[in-house]
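Structural overview
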Amino acid sequence: MPDIPQWASQALSGVYDPCCREKGISVVEMGLIRSVEVDQDGRARVELLLTSGWCPFAARVLTEVRDRIEEQPGVDRAEVEVVWDEAWTVDRLSPRAARLLRFLPAPAQVPDKEDYLRRELR
């Protein structure tokens, strides 16, 4: 999980990528929030990763993250930026999110089909 301030984590715990809303997995649990910083003038900067650069819901998520951060005490304005220098990976998922999403094993962990059939047909 990313290291973000507790207040920001709480504020964003109700923001969902629409693809994970029905499972109740927030953008925080997805590991989409890379950082949240607030300067002395009350300007917040949020760095957000996307699961895919082609996400059709990116604008919606960015807007909701901005709105939630701007609702927080001490924040006058928030800017949310998509981070392109780091790819999102399943390693960023919270343990709960990983359990709920049940990702398939890596291809290298899947047994060879021919080997499997030979062993099973003996």
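Below you will find a few notes about this structure. (Residues numbered from 1 in each chain as written. Predicted model: local features only at pLDDT ≥ 70, side-chain atom pairs only at ≥ 80, totals over all residues. Heavy atoms only, no water.)

1. With respect to the pattern of salt bridges
- Considering all chains together, one arrives at 12 salt bridges under this definition.
- Put simply, R34 and E86 hold a salt bridge, and the shortest N to O gap is 2.9 Å. Highlighted residues: R34 in strand β1 (residues 33-38) and E86 in the loop between β3 (77-82) and α4 (95-101), separated in sequence by 52 residues.
- Since its relative accessible area comes to 27%, E86 is described here as partly exposed.
- One salt-bridge network, held together by shared partners, links R34, R45, E47, E81, D85, E86 and R92. (Salt bridge = Lys/Arg side-chain N within 4 Å of Asp/Glu carboxyl O. Helix = DSSP H or I, 4+ residues; strand = E, 2+ residues; numbered from the N terminus. Buried < 20%, exposed > 50% of the residue type's maximum accessible area, 1.4 Å probe, protein only.)

2. Brief notes about the sheet that holds β3
- Taken together, the three strands give an open sheet; going across it, the order is β1-β2-β3, and neighbouring strands pair in mixed fashion. In this open sheet, the two edge strands, each paired with only one partner strand, are β1 and β3. Strand after strand, the sheet turns through a mean of 15 degrees between neighbouring axes, direction not considered.
- For β1 and strand β2 (residues 43-48), the ladder comprises five bridges, and the chain directions are antiparallel. Bridge pairing in β2 places E37 opposite R45.
- Helix α3 (residues 58-70) rests against β1, β2 and β3 of the sheet, and its axis sits at about 150 degrees to β3. (Pairing = 2+ DSSP bridges. Axes fitted to C-alpha atoms, helices over the stretch in contact; angles between N-to-C directions. Contact = heavy atoms within 4.5 Å.)

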